[in-house]
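Breakdown of the fold
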Amino acid sequence: MARILAPLAGASLLALALPAAAQQHDHHPAPQPQQPPAAAPHAGHDMSGMAPSAHVMAGTLGPWPMTREASGTSWQPDASNHGGVHWSSGDWTFMAHAQLNLTYDWQNGPRGDDKTFVSGMIMGSARRDFADGSTLNLRAMLSPDPFMGKEGFPLLLAAGETADGVTPLVDRQHPHELVMELSASYAKPLTDKDTVFAYIGYPGEPAFGPPAFMHRMSAMDSPEAPITHHWLDSTHIVFGVATLGWAHDRLKLEASSFTGREPDQNRYDFDPPEFDSWAVRASWNPTANWSLQASYADVTGPEQLEPDENDRKLSVSAIQTRRLGAEGWWSTTLAWGRKINDHDESKDGWLLEGAISPDDRWTVFARAERIETDELVPAVGGGHGDLYTVAKASVGAVHDWRLSDNLRFGLGALYSVNQVPGALEPLYGGDPDGGMLFMRLKVQ
Ligand SMILES: [Cu+2]
């Protein structure tokens, strides 16, 4: 295991350390003579340096490449892939995008479990560009997660939200809502470099954290949720969010008012909007290969089971994405998050993840995480218990077959190891491992 992980982690760190300038040659890939012509025209996926194609499109929130835009109003590197089927009708341009995973998941040890489930997302958007340069964008995102049942899927060391409204979900990942996003944004240019925008969502994603994991290139090919989810990006679905932002060239500043309570255990419904929490985020894309953000959130009563406990959250992240050859890419995310409760107790979470896809067929991904958590052994009578530092590492791969221009079928597997402190070893049976086998459909 260590032999597999070490080079991957080393390579990921190397990717973060290398200056982007040293990789500019990747933007002018040599022709690939071994590629049959029929396999070539996915060029629209890469806007960072290849020949311009009909897919090249400006962002919905400002005059940058659309590849910069990720979930909610978050940014990723301009060199990211741009997935989606596009068409237009009248003044409107439409985009659709989907990823569905069928996963067999097993987690070992006394606290483990196994389960087969479907997860993923289906997204559709409609945009309209006006003569004054402003843009209206409507977005809807659905998830099949509720079909897996309220108790989610087994994931050792993960905690957060509830299955039944009574007991917390521990060693499990919660399912996402059937409706993950219904949002509208409107952006208006002030000068050729300055834009102001407004975004509302019910549900939607406030200005906090890196792009949500299922929308990050370094994470989206793995069916496994990060155990740092509730440090970094669990606010990606809140029932009620309003964001105002200003962007100047490669810098974006934004502030959100939103509902602090996480979605309840009924994943098919809409929860009441409260607008009792707020967040601010600064994002900076210094080059086409990098995206950095720092954000702060003041969250009122996030956990349904502890409605009077508030969280302040901090997050800082760096994403680097490079192109590899004609169709390949390499993306790495390093992120830190901190949760501070009303008693000024703080808990940190760290994440380093990377994915590399040398061609149209293979993607290899790895992730290492460490969290300080008091949710694994709830206190007697409920509430958070003792604080433990635990860690996890995963590595996996998926092979895709292209069924048509926009549809790919993939088969993949991943293996994960968990590390718990001595005090938790009797509960977990040492340092338990686990894995997932999955097949997927990707529409992009
Ligand atoms: Cu989530």
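Everything numeric in this text was worked out from a predicted model, so none of it was measured. (Residues numbered from 1 in each chain as written. Predicted model: local features only at pLDDT ≥ 70, side-chain atom pairs only at ≥ 80, totals over all residues. Heavy atoms only, no water.)

1. Points about the overall build of the protein
What the protein contains, in helices and strands, is three helices and 19 strands. A fraction of 61% describes how many contacts in the protein between residues 6 or more apart in sequence connect residues 24 or more apart. In the structure as shown, the protein presents an accessible area of about 17400 Å², 63% of it carried by carbon and sulfur atoms. (Helix = DSSP H or I, 4+ residues; strand = E, 2+ residues; numbered from the N terminus. Contact = heavy atoms within 4.5 Å. Areas by Shrake-Rupley, 256 points an atom, 1.4 Å probe, with all protein chains shown as cover.)

2. What to know about the packing of aromatic side chains
All chains considered together, the criterion is met by eleven aromatic pairs. Summarising the aromatic geometry, the rings of Phe117 and Phe153 are spaced 4.3 Å apart at their centres and angled 10° between planes, so their arrangement reads as stacked. With Phe117 in strand β3 (residues 113-129) and Phe153 in strand β5 (residues 153-162), the pair connects residues that are 36 residues apart, well separated along the chain. You'll find Phe117 and Phe153 in the same group, each marked buried. Through a chain of ring-to-ring contacts, three or more aromatic side chains come together here, namely Tyr202, Phe239 and Phe270. (Phe/Tyr/Trp six-rings, centres within 6.5 Å; stacked < 30°, edge-to-face > 60°. Buried < 20%, exposed > 50% of the residue type's maximum accessible area, 1.4 Å probe, protein only.)

3. Focus on the coordination of the copper ion
Only His176 (NE2), His229 (NE2) and His236 (NE2) from the protein coordinate the copper ion, and they sit 2.0 to 2.1 Å from it. Mapping the donors of the copper ion onto the primary sequence yields the spacing H-x52-H-x6-H. On the criterion of sequence distance, the pair formed by His176 in the loop between β6 (168-173) and β7 (179-189) and His236 in the loop between α2 (229-232) and β9 (241-248) is long-range, its members being 60 residues apart. Just as His176 is buried, His236 falls in that class too. (Donors = N, O, S within 2.8 Å, 3.2 Å for Na, K, Ca; no water.)

4. Brief notes about the pairing of β3
Examined bridge by bridge, strand β2 (residues 92-107) and β3 share 16 bridges and lie antiparallel to one another. Bridge pairing in β3 places Trp92 opposite Arg128. Two successive antiparallel strands, β2 and β3, enclose a turn made up of five residues, where Gly109 displays a positive phi of approximately 90°. Two elements, β3 and strand β4 (residues 135-142), share eight bridges in a ladder whose sense is antiparallel. In the sheet register, Ser125 faces β4, and the bridge partner there is Arg139. (Pairing = 2+ DSSP bridges.)

5. With respect to the environment of Thr135
Relative to the assigned elements, Thr135 resides in strand β4. Residue classification places Thr135 among the buried positions, given a relative accessible area of 5%. Each C-alpha atom, one on Thr135 and one on Lys188, is 6.7 Å from the other, the two residues being 53 residues apart in sequence. With residues near it in sequence (within four places) discarded, Thr135 still touches Thr60, Arg127, Arg128, Asp129, Ser185, Tyr186 and Ala187. Engagement of the side chain of Thr135 in a polar contact is seen with the side chain of Asp129, the distance being 2.7 Å. (Polar contact = N/O pair within 3.5 Å; in protein donor to acceptor, adjacent residues only side chain to side chain.)

6. A closer look at the layout of surface pockets
There is about 350 Å³ of room inside the second largest pocket. Surrounding the second largest pocket, 25 residues form its lining, Glu306, Asp311, Asn341, Lys347 and His384 being those nearest its centre. Residue assignment for the lining of the second largest pocket shows that the elements contributing at least two residues are β13 (311-324) and β14 (328-341). Of the residues in the lining of the second largest pocket, the class split is five nonpolar, nine polar and eleven charged. (1 Å grid on protein atoms, 1.4 Å probe; cavity = no way out; pocket = protein on both sides within 12 Å on 5 of 7 lines; lining within 4 Å. Points joined across faces, edges and corners; volume = space filled by probe spheres on them. Nonpolar A, V, L, I, M, F, W, Y, C, P; charged D, E, K, R; others polar.)

7. Thoughts on the environment of Thr243
Relative to the helices and strands, Thr243 resides in strand β9. Between the alpha carbons of Thr243 and Ile200 there is a distance of 6.3 Å; along the sequence they are 43 residues apart. For Thr243, the residues in contact, after removing those within four places along its chain, are Thr73, Phe197, Ala198, Tyr199, Pro206, Ala207, Glu254, Ala255 and Ser256. Side-chain polar atoms of Thr243 contact the side chain of Ser256, separated by 2.6 Å.

8. Some points on the pattern of salt bridges
One pass over the structure, following the stated rule, counts 28 salt bridges. Close ionic contact of Lys339 with Glu375 constitutes a salt bridge, the shortest N to O distance being 3.6 Å. Placement of the pair is Lys339 in strand β14 and Glu375 in the loop between β16 (362-373) and β17 (388-404), with a sequence separation of 36 residues. Taken as a pair, Lys339 and Glu375 share a single burial class, namely buried. Notably, a salt bridge pairs Glu353 with Arg367, separated by 2.8 Å at the nearest N-O pair. With Glu353 in strand β15 (residues 346-357) and Arg367 in strand β16, the pair connects residues that are 14 residues apart, well separated along the chain. (Salt bridge = Lys/Arg side-chain N within 4 Å of Asp/Glu carboxyl O.)

9. With respect to empty space enclosed by the protein
By rolling a water-sized probe across the atoms, one finds the places where empty space is left. According to the stated counting rule, one finds eight cavities of 30 Å³ or more in the structure shown. There is about 210 Å³ of room inside the largest cavity. The wall of the largest cavity is formed by 17 residues, among which Asn101, Ser119, Gly120, Phe213 and Met214 lie closest to the centre. At three residues, the largest contribution of residues to the lining of the largest cavity is made by β3. By residue class, the composition of the lining of the largest cavity is seven nonpolar, nine polar and one charged.

10. Thoughts on the confidence of the model for the protein
Predicted confidence across the protein gives a mean pLDDT of 88, with 87% of residues reaching 70 or more. Note that residues 1-55 has pLDDT below 50 and, in this model, 74 contacts with residues that lie over four places away or in other chains. (pLDDT = per-residue confidence, 0-100.)

11. Re the side chain of Asp194
As for its position among the elements, Asp194 is in strand β8 (residues 194-201). No salt bridge forms around the buried Asp194; measuring N to O, its nearest opposite-charge neighbour Lys193 is 8.4 Å away. Within the structure, the side chain of Asp194 is placed 2.8 Å from the side chain of Thr191, a separation counted as a polar contact. Within polar-contact distance, the side chain of Asp194 engages the side chain of Trp246 at 3.2 Å. With residues near it in sequence (within four places) discarded, Asp194 still touches Lys188, Pro189, Trp246, Ala247 and His248. (Lys, Arg positive; Asp, Glu negative; His and termini not counted.)

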